[in-house]
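In case you want the letters, here they are:
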Amino acid sequence: MMALNNDSLRARIDGVQKLALGVGVVGAIGAGAGWSMDPTEFFRSYLLAFLFWMAFPLGCLGLTLVHTLTGGKWGISVRRVHHAGMRTLPLTALFFIVVGIGLHQLYEWSHLDVVAADPILTHKSLYLNAKGFYIRAVLYFALWIGYAYVLSARHDHYERTRDERYARTTRNLAGVGTLLFVLSVTFAVTDWAMSLEPHWFSTIYGVMFVVGQGLSTMAFTIVMCAWLAKSAPYSAIMQTKRYHDLGKLMFAFTLLWGYVTLSQFLIIWSANLPEETPWYMHRGYTSWRAILVFLLTCHFALPFLILLSRKVKQNPALVSKIALFILMMRFVDMSWLIVPAFHTEGFHFHWLYLATPAAMGGLWVAYFMHQLKGRLASAPADTYLERSLELAPSHGH
Amino acid sequence: MHHETPTLYGVLAEFGSADELVEACKRVKAAGYEKVEAYSPLPLPEVGHALGHTTKLSSLIFCGGMTGALTGFGMQTWISVIDYPLNVGGRPFFSWPSFIVITFEMTVLFSALTAVIGMIALNGLPQPYHPLFNSAAFERASRNRFFLCIEAADPRFDLAEAKKVLASTQPLLVEEVPH
């Protein structure tokens, strides 16, 4: 048995929690001022912040679902982080309320007069209407929060009892959950992000977000683990092999991000249909093109080439710096996906586009740290974790 | 028929576990031997580290992948722009986005082929005969035993000395293997 809790680790988590809370509160005051000055830009920046930060709890849920199905030592060593992450979903649901309040500021289809004058939107109004938007949001969050808490409770229970039949039920639940997760995230981002341009549609859009969430979460996991590894017990858990594993997964998600991002473009580019191309006209044939080129270079090519090297993936300091860089690129990517919907004419910047995400990030990190402390303290005897610590290769008896 | 005294290939030690093999590798390496090879029924990255083995394979695969990318992209560019330009939906002849899928597939194909062929070639395979087959105990190298061999080709090789080093690692067996 090994204790996951220790005073120096707890003190460091407390420190970050206070700092994050400070950033969150100061940022929230700033964003609140922004709301009164320019409500339209505030809601836009808020949606950007929401879509960027929801990637972490949802990514944690998605990776936990997948790991419950597949197993693997990489996931055992980081499970406290992922469990803490997915247990912040209730806060994400609270964050969503402001998106709901800003419905009319954000979504063209929420205005009945606009819809009435537009035959396409009239036909889409069976799905795209305010009531449906709210009801679906409640269902998404109920599903996600339910799964997050049931899974983390079931994993804890298994660690205490070692009941293999119970573990099998958990795996079956995760199987259904993985399917529901991808479907629900697809529907959610269709509602929250794709419907910003309600005439446009793309079937791979949801997968693009799911993969983006996976990448954000892998990068976040590596940064967190490298930071936790400065204290016991994570100094023992985070061996070179674990960094190598996590680095490989981050590399895979980088590749997958490039793959799905290109897939959407290639299909729309090949068909060249007037109802599909405007999305790329706004993002690739205005001054937004500079951001697109920047993303292809720094979100894809650069991390791809650097992460090819095994030495980089096995070096905690280096791989966590690249993870931090990828996190910044994730924000640039989200900005490129969302902001051109409002500013189709070309590149646009508003101070709220940084202030609101910083505020939300502060609050989210503070709550994540709170959850993490709970996860570390309540951790029962973790033989799973001990198994992940086994150094020796299998013996040839 | 004439008999020759068989020349010595090396001294072989047998171990019961992977840990003992890794430990022995470190010792033999520390004693200064260079021509040392370990044999195990399962992959053991630790042995590679202990013996200080390096491989050019990853650089080779990278070059293979790049060759594939250039071949794929170059081939399509040559076909569509120079050899047989076709007007497809009014697009420019050099429509690079449509070349990416094949370029990607060629990169993967060339990398994978380089990896497999390179691995076989760098391992010196196929090799129908190996002096270690002269050892009866060595049969179990593909089942449940671990072996370490100090080869006679080592510049520092001295039979008595090599036997002593290997014996100090508490093996199950130490034997001379002829060519």
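Analysis parameters
Residues numbered from 1 in each chain as written. Chains lettered and ligands numbered in written order. Predicted model: local features only at pLDDT ≥ 70, side-chain atom pairs only at ≥ 80, totals over all residues. Helix = DSSP H or I, 4+ residues; strand = E, 2+ residues; numbered from the N terminus. Rg over C-alpha atoms; globule rule 2.2 N^0.38 Å. Buried ≥ 20, exposed ≤ 12 C-beta atoms within 10 Å, placed from the backbone. Contact = placed C-beta atoms within 7 Å. Pairing = 2+ DSSP bridges. Domains from an automatic or database assignment. pLDDT = per-residue confidence, 0-100. Axes fitted to C-alpha atoms, helices over the stretch in contact; angles between N-to-C directions. Core = buried A, V, L, I, M, F, W, Y, C linked by C-beta atoms within 7 Å. Expected span 1.5 Å × (residues − 1). Nonpolar A, V, L, I, M, F, W, Y, C, P; charged D, E, K, R; others polar. Parallel < 35°, antiparallel > 145°, perpendicular 65-115°, else oblique. Left-handed = near helix turned anticlockwise from the far one by under 90°.

**A short note on the overall build of chain B**
Here's step 1: Secondary structure summary: chain B contains five helices and four strands in total.
Here's step 2: Going from N to C terminus, chain B has its helices and strands arranged as β-α-β-α-α-α-β-α-β.
Here's step 3: Over its C-alpha trace chain B gives a radius of gyration of 25 Å, far above what one expects of a compact globule, namely 16 Å for 179 residues.
Here's step 4: Along the first, second and third principal axes, the C-alpha set of chain B runs to 80 × 45 × 30 Å.
Here's step 5: When each of the 179 residues of chain B is scored for burial, the buried share is 25%.
Here's step 6: Considering only contacts within chain B whose residues lie at least 6 apart along the sequence, 80% involve residues at least 24 apart.

**Here's the deal with the overall build of chain A**
Here's step 1: Scanning chain A for helices and strands turns up 19 helices and zero strands.
Here's step 2: Whereas a compact globule of 397 residues would reach a radius of gyration of roughly 21 Å, chain A reaches 22 Å, a difference of no more than 12%.
Here's step 3: Dimensions of chain A, computed from the C-alpha atoms along their principal axes, are close to 75 × 40 × 40 Å.
Here's step 4: Contacts in chain A between residues far apart in sequence, at least 24 positions, make up 84% of those at least 6 positions apart.

**Things to note about the pairing of strand E1 (residues 8–15) of chain B**
Residue and element names in this part refer to chain B.
Here's step 1: Within E1, six of the eight residues are buried, which leaves it mostly tucked inside the rest of the structure.
Here's step 2: Sheet topology places E1 next to strand E4 (residues 173–178); six bridges connect them, and they run antiparallel. Looking at E4, one finds that Leu8 is bridged to Pro178.
Here's step 3: Where E1 lies against strand E3 (residues 146–151), six bridges are found, and the strand directions are antiparallel. Each bridged residue has a counterpart across the sheet, and for Glu14 the counterpart in E3 is Phe147.

**Some details on the domain arrangement of chain B**
Accessible area lost on assembly of the parts is the figure often given for the size of an interface.
Here's step 1: Annotation of chain B at the domain level lists domain 1 (8–55 + 125–178) and domain 2 (57–122).
Here's step 2: Domain 1 of chain B and domain 2 of chain B are separated by 43 Å when their C-alpha centres are compared.

**Here we look at the environment of His179(B)**
Here's step 1: Position of His179(B) relative to the elements: it lies in the segment after E4.
Here's step 2: With 12 C-beta atoms packed within 10 Å, His179(B) lands in the exposed category.

**Side note on the confidence of the model for chain B**
All names here are of chain B.
Here's step 1: For chain B, the average pLDDT comes to 88, and 97% of its residues sit at 70 or higher.
Here's step 2: Element-level mean pLDDT values for chain B span from 81 in helix H5 (residues 159–167) up to 96 in helix H3 (residues 57–83).
Here's step 3: Confidence estimates for the predicted assembly give a pTM of 0.87 and an ipTM of 0.75.

**Section: the sheet that holds E4(B)**
All names here are of chain B.
Here's step 1: Spatial strand order, E2-E3-E1-E4: four strands in an open sheet with antiparallel pairing. Looking at strand neighbours, the two that pair on one side only are strand E2 (36–39) and E4, the edges of this open sheet. Here the strands of the sheet are splayed against their neighbours by 25 degrees on average, with no regard to which way each runs.
Here's step 2: Strands E1, E2 and E3 of the sheet are contacted by helix H1 (residues 18–30), whose axis makes an angle of about 15 degrees with E3.
Here's step 3: Where H5 meets the sheet, it contacts E1, E3 and E4, and its direction lies at approximately 10 degrees from that of E1.

**Observations concerning the nonpolar core**
Nonpolar side chains tend to gather and get buried jointly when the protein is soluble and globular.
Here's step 1: Core analysis: the biggest nonpolar cluster contains 94 residues, and Leu51(A), Cys225(A) and Met250(A) have the highest contact counts within it.
Here's step 2: Listed in part, the 25 residues of the second largest apolar core include Ala13(B), Val47(B), Phe147(B) and Leu148(B).

**Brief notes about helix H11 (residues 205–228) of chain A**
Here's step 1: Its 24 residues place the ends of H11(A) 34 Å apart at the C-alpha level, agreeing with the 34 Å of an ideal helix rising 1.5 Å per residue.
Here's step 2: In terms of residue burial, H11(A) counts as a mostly covered element, since 20 of its 24 residues are buried.

**A word on the interface of chain B and chain A**
Here's step 1: At the junction of the two partners, chain B supplies 14 residues and chain A supplies 11 residues.
Here's step 2: Split by residue class, the side of chain B that touches chain A holds seven nonpolar, four polar and three charged.

**Let's talk about the confidence of the model for chain A**
Here's step 1: Residues at a pLDDT of 70 or more form 94% of chain A, whose mean pLDDT is 91.
Here's step 2: Note that residues 390–397 of chain A has pLDDT below 50 and, in this model, 13 contacts with residues that lie over four places away or in other chains.

**Topic: unusual backbone geometry**
Here's step 1: In the segment running from Leu125(B) into Pro126(B), the intervening peptide bond is cis, with an omega of -5 degrees.
Here's step 2: With respect to the helices and strands, the residue Pro126(B) is situated in the loop between helix H4 (100–122) and E3.
Here's step 3: Even without glycine at this site, Arg162(A) takes up a positive phi of about 60 degrees.
Here's step 4: Position of Arg162(A) relative to the elements: it lies in the loop between helix H9 (130–161) and helix H10 (164–192).

**Overview of the packing of helix H15 (residues 289–307) of chain A against helix H17 (residues 316–342) of chain A**
The angle between the axes and the distance between the axes are what describe a pair of packed helices.
Residue and element names in this part refer to chain A.
Here's step 1: Interhelical geometry of H15 versus H17 gives an angle of 155 degrees and a closest axis separation of 10 Å. Accordingly, the angle class assigned to the pair H15 and H17 is roughly antiparallel. Crossing hand, H15 versus H17: left-handed. Here Ile291, Leu292, Phe294, Leu295, Cys298, His299, Pro303, Ile306 and Leu307 of H15 come into contact with H17, specifically with Ile322, Ile326, Met329, Val332, Asp333 and Trp336.

**A closer look at the environment of Ser142(B)**
Here's step 1: Positionally, Ser142(B) belongs in the loop between H4 and E3.
Here's step 2: Taking C-alpha positions, Ser142(B) is 4.6 Å from Pro41(B), a pair spaced 101 residues apart along the chain.

**Quick look at the packing of H9(A) against H10(A)**
All names here are of chain A.
Here's step 1: H10 packs onto H9 with a crossing angle of 155 degrees between their chain directions and a minimal axis gap of 10 Å. With respect to their mutual orientation, H9 and H10 come out roughly antiparallel. Relative to H10, the crossing made by H9 is left-handed. Taken together, the residues of H10 that come into contact with H9 (itself represented by Phe133, Arg136, Tyr140, Leu143, Tyr147, Leu151, Arg154, His157, Tyr158 and Thr161) are Tyr166, Ala167, Thr170, Ala174, Gly177, Leu180, Ser184, Phe187, Ala188 and Asp191.
Here's step 2: Looking at the contact of H9 with H10, its residues break down into 12 nonpolar, five polar and three charged.

**Quick word on the pairing of E2(B)**
Residues and elements named next belong to chain B.
Here's step 1: Side chains of E2 alternate between two faces, with Val36 and Ala38 buried and Glu37 and Tyr39 left unburied.
Here's step 2: As paired strands, E2 and E3 are joined by four bridges and run antiparallel to one another. Looking across to E3, one finds that Ala38 is bridged to Leu148.

**With respect to the environment of Ala271(A)**
Here's step 1: Checked against the element boundaries, Ala271(A) lands in helix H13 (residues 240–271).
Here's step 2: Distance from Ala271(A) to Ala167(A), taken between C-alpha atoms, is 47 Å for residues 104 residues apart in sequence.

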